[in-house]
Amino acid sequence: MHRFANPARFLRLAKVILPYSSGIAALSLAAGLWFALAASPADYQQGDSVRIMYVHVPAAWMGMFCYVAMAVFSAMALIWKHPLADLLAKATAPVGAAFTFLCLVTGSLWGKPMWGTWWAWDARLTSMLILLFLYLGYMAINNAFDDPERGQKAAAILALVGAVNIPVIKWSVDWWNTLHQPASVIKMGGPAIDPTMLVPLLLMALGFKAYWISILILRGRAEIAAQKIRIIRMAQIHAASRGE
Amino acid sequence: MESVSTLVQMGGYGGYVWPAYAISVVVLALVLVASLQGARKTEAELEQLQAIRRANRAAAPPPQGAVVLESKE
């Protein structure tokens, strides 16, 4: 594991991966959009409103996936003091927040015609809203300290404590009565969804995953550069105070 | 291939489907642009700092471990 904690190695690896991840993201999102908006059939009950699913469901998966990634990176940072793990957790947060926000907005746009309401305070919707607040809290704490290391440590603890929300989201549709339908893709006995609908769903999910990797690389690079700038400035201040 | 108007109308759900996709594209594009600019800006600043350091070292090699910040002229 420690082999990957080296920023120089990360930068080398990032350079190799970035063209592939951004290429895969662009291609699968383009194909996904084509299938989602044009080539897939309308639902026999929901009509064309079902097309919202192809962005809503992958966004929800990403919202939860990014949080798990952030919590794992945070745990690695707290336990092994990996400098890179902190950076990756910090880089993942805005992506996860964006997908969680999109999940809520597209869900609302789907809920209005299907359920007759933009919003309901039920278990699935509320726990997803809490996920968004956890992301926002994580980002706020991370930037609230003058010493970035202290901010990252406090934020990492929040990420781990908030991880309890993930199983609550996942099983909220089974534990409580809710407007939201139960899982139909990731379930025992295989997906209960037609292949013509599964194809755009999986293409969009793949595209979002590749998008996350590309953003992770870009933000990771920025964080590593910012860290080096801090070290140089620190050395300059140190040298200046010694010179006087 | 359907006509453009059926695609726009989405069987009466166009007012919900299109905003859902539009906002997704906008949000993801914003995050991408912000991340690209962040990486470019910070890496350019680092490059500049490192160039100054290299120039300083070349101009006045520091005697015995002293760090030279800027030349006296």
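Scroll up a little and you will see the structure.
The text that follows walks through the structure, step by step, so that each part is easy to find. (Residues numbered from 1 in each chain as written. Chains lettered and ligands numbered in written order. Predicted model: local features only at pLDDT ≥ 70, side-chain atom pairs only at ≥ 80, totals over all residues.)

**Some points on the interface of chain B and chain A**
Contacts between chain B and chain A engage 28 residues on the former and 34 residues on the latter. Ranked by residue count, the leading element in the side of chain B that touches chain A is helix 2 (residues 14–59) of chain B, at 21 residues. Here the side of chain B that touches chain A is built from residues that sort into 19 nonpolar, six polar and three charged. (Contact = placed C-beta atoms within 7 Å. Helix = DSSP H or I, 4+ residues; strand = E, 2+ residues; numbered from the N terminus. Nonpolar A, V, L, I, M, F, W, Y, C, P; charged D, E, K, R; others polar.)

**Structural notes on the nonpolar core**
The biggest cluster of nonpolar side chains holds 73 residues, and the ones touching the most others in it are A:C66, A:M70, A:F99 and A:M204. For this core, the secondary structure elements donating two or more residues are helix 1 (7–39), helix 2 (53–80), helix 3 (83–115), helix 4 (123–142), helix 5 (148–162) and helix 7 (195–243) of chain A together with helix 2 of chain B. Not counting residues up to four positions away in its chain, the partners in contact with A:M70 are A:A89, A:T92, A:A93, A:G96 and A:A159. (Core = buried A, V, L, I, M, F, W, Y, C linked by C-beta atoms within 7 Å. Buried ≥ 20, exposed ≤ 12 C-beta atoms within 10 Å, placed from the backbone.)

**Let's talk about helix 4 of chain A**
Residues and elements named next belong to chain A. In this model helix 4 runs 28 Å from its N-terminal to its C-terminal C-alpha over 20 residues, within 8% of the 28 Å that 1.5 Å per residue would give. Residues of helix 4 that are buried include every one of A123, R124, L125, M128, L131, L134, Y135, Y138 and N142, and no others. The inward-facing, buried residues of helix 4 abut helix 2, helix 3, helix 5 and helix 6 (165–175). (Expected span 1.5 Å × (residues − 1).)

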